[in-house]
Amino acid sequence: MSTQFSVARPAVFSAQWDAKAETPLRAVVVGGSGQIGGWLFRYLAERGHQAVGTYSSQAFSDLIALDAADLDAVTALLRAERPDVVFYPAGFTWVDGCERDKARAYAANLEQPLHVARTAADLGARFVYFSTDYVFDGVKGRYSEDAPTNPLSVYGQAKYDAEVALAEVLGDRLLTVRTCWVYGPERQGKNFSYQLIRALEQGKPMICPSDQVSSPSYGPDVARAVLLLVEAGASGLIHVVGPEIMDRVRFARAIARAFDLDESLITATPTAELGQGAPRPLNAGLLIDRLESCKPGLMRSLDAALEDFRAKLGAPELRSWLAPALTTRS
Ligand SMILES: NC(=O)C1=CN([C@@H]2O[C@H](COP(=O)(O)OP(=O)(O)OC[C@H]3O[C@@H](n4cnc5c(N)ncnc54)[C@H](OP(=O)(O)O)[C@@H]3O)[C@@H](O)[C@H]2O)C=CC1
Ligand SMILES: Cc1cn([C@H]2C[C@H](O)[C@@H](COP(=O)(O)OP(=O)(O)O[C@H]3O[C@@H](C)C(=O)[C@@H](O)[C@H]3O)O2)c(=O)[nH]c1=O
């Protein structure tokens with residue numbers, strides 16, 4: 001698959017985040033109830049764009065219902081909205097679940113986004129797909145966009161097949177964003193950082209793989225970077241992840257410290273002893289030279305992002321928007 005990348009209007013990158021976008025876009029966010037989609041939807045409004053966001057099973061009052069498997073509903077929504085860009089931070093993201101239910105994994109992560117993308121393309125819209133470090137086998141690690149892929153899991157294979165199929169259908173109307181280990185505030189409160197904080201708050205141990213290495217990525221920063229890329233007319237393949245590569249135990253301990261929780265409750269266990277349903281790439285992690293060359297410094301360090309995570313949990317303007325998912329002091 002081609003890993004080319006281009007930016008139509010690089011000058012836009014000089015725009016400050018707190019200014020409105022120069023050209024307001026009409027956008028649809030399929031998966032607006034998810035962790036990346038939630039921030040994308042919020043930031044689109046903040047930047048002065050006109051956005052519609054969708055949910056599938058977790059209803060939020062500012063979103064509309066859409067099952068991407070319902071082809072007629074997808075077509076009706078896109079025809080009604082006439083978006084300039086369709087973001088697709090959706091799919092079946094439970095990696096072990098994908099291993100058990102291959103048909104669902106391929107339907108949700110390949111076939112449904114492909115249909116939405118075809119409909120978007122017919123209407124002249126651009127499309128943004130979210131892929132993963134799990135397209136790699138985790139042998140060499142520190143992967144650039146050009147590195148050869150070799151997915152180990154059903155989830156990773158379905159995401160890679162989608163990368164290829166979407167590129168064939170959409171050409172330069174497609175932006176494929178690979179991210180990984182997304183954490184931080186989110187409306188459903190289900191990501192790894194919430195699971196960890198909840199366990200530790202209750203004094204329960206948390207078993208973490210000692211030998212899985214990747215790039216923790218702060219959800220709000222991923223969404224912000226992707227939006228700036230889209231505003232600049234970017235297309236092709238790009239990695240959007242946090243700047244540090246580390247193992248899950250170090251990641252978990254940093255979260256525990258940031259939330260004043262007892263890090264001794266975190267137990268390091270090798271993946272081989274965990275019995276996870278799907279194989280994970282062990283030595284993974286993505287390089288962000290491509291992102292840094294066009295927009296440096298967007299992805300905060302883990303410590304800075306965790307500080308922001310705490311601040312967001314305590315921010316009055318976010319309290320009713322974010323799920324009341326944690327009791328921890330913020
Ligand atoms: N989380 C991570 O660490 C990483 C994620 N990614 C990719 O990024 C994207 C976003 O991930 P993330 O934000 O974590 O995902 P989440 O699991 O938080 O959210 C998934 C979203 O997809 C929606 N969805 C699920 N099924 C359907 C359907 N049939 N029709 C329409 N919408 C549906 C969900 O709706 P609802 O919840 O309302 O049912 C939800 O809004 C995904 O494509 C994922 O593969 C890539 C790398 C890492
Ligand atoms: C999302 C989800 C996770 N889990 C479990 C799986 C896992 O053991 C644990 C932690 O989940 P994590 O998602 O952090 O772990 P994991 O599933 O390995 O994380 C991966 O997610 C996918 C989407 C990616 O693309 C990868 O980059 C990586 O972030 O929670 C569920 O039980 N249900 C769910 O809905």
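For clarity, every value in this text was computed on a predicted model and none was experimentally measured.

*Asks:* Help me understand the nonpolar core, please; the structure alone is not making it clear to me.
*Replies:* A general tendency of soluble globular proteins is for nonpolar side chains to be buried together. Formed by 107 residues in total, the largest nonpolar core has its most connected members in Phe-87, Phe-127, Val-128, Leu-166, Leu-200, Val-226 and Val-240. Non-local contacts of Val-226, meaning those with residues more than four positions away in its chain, are made with Leu-40, Phe-87, Val-128, Phe-130, Val-177 and Val-240.

*Asks:* Would you mind going over the site of ligand 1 with me for this structure?
*Replies:* Inspection of the region around ligand 1 gives 28 residues, with Ser-33, Ser-57, Ala-68, Thr-93 and Tyr-155 positioned closest. Here an oxygen atom of ligand 1 and a side-chain polar atom of Ser-57 are 2.6 Å apart. Between ligand 1 and Thr-93 there is a distance of 2.7 Å, counted from an oxygen atom to a side-chain nitrogen or oxygen. In the complex, the protein chains occlude 89% of the 900 Å² of accessible area that ligand 1 would expose alone. At the level of elements, helix 1 (35–46), strand 6 (126–132) and helix 5 (154–170) are the ones that each hand at least two residues to the shell around ligand 1. Tallying contributions element by element places strand 6 first for the shell around ligand 1, with three residues. Taken together, the residues of the shell around ligand 1 sort by class into eleven nonpolar, 14 polar and three charged.

*Asks:* Looking at this structure, how should I read empty space enclosed by the protein?
*Replies:* One way to see where empty space is left: roll a probe the size of a water molecule over the atoms. Per the stated rule, a full pass over the model turns up two cavities of 30 Å³ or more. Reported here for the largest cavity is a volume of approximately 50 Å³. As for the largest cavity, its lining consists of Tyr-183, Pro-216, Ser-217, Tyr-218, Asp-221, Gly-242, Pro-243, Glu-244, Met-299, Arg-300, Ser-301 and Leu-302. Of the residues belonging to the lining of the largest cavity, the class tally is six nonpolar, three polar and three charged. In this model, the second largest cavity occupies a volume close to 40 Å³. Taken together, the elements giving at least two residues each to the lining of the second largest cavity come down to strand 6, strand 7 (174–179) and strand 12 (234–239). Examining the composition of the lining of the second largest cavity, we find that three residues originate from one element, strand 6, more than from any other. Tallied by class, residues from the lining of the second largest cavity come to seven nonpolar, one polar and three charged.

Each value, and the rule that gives it
Residues numbered from 1 in each chain as written. Chains lettered and ligands numbered in written order. Predicted model: local features only at pLDDT ≥ 70, side-chain atom pairs only at ≥ 80, totals over all residues. Heavy atoms only, no water. Core = buried A, V, L, I, M, F, W, Y, C linked by side-chain atoms within 4.5 Å. Buried < 20%, exposed > 50% of the residue type's maximum accessible area, 1.4 Å probe, protein only. Contact = heavy atoms within 4.5 Å. Near = heavy atom within 4 Å. Polar contact = N/O pair within 3.5 Å; in protein donor to acceptor, adjacent residues only side chain to side chain. Areas by Shrake-Rupley, 256 points an atom, 1.4 Å probe, with all protein chains shown as cover. Helix = DSSP H or I, 4+ residues; strand = E, 2+ residues; numbered from the N terminus. Nonpolar A, V, L, I, M, F, W, Y, C, P; charged D, E, K, R; others polar. 1 Å grid on protein atoms, 1.4 Å probe; cavity = no way out; pocket = protein on both sides within 12 Å on 5 of 7 lines; lining within 4 Å. Points joined across faces, edges and corners; volume = space filled by probe spheres on them.

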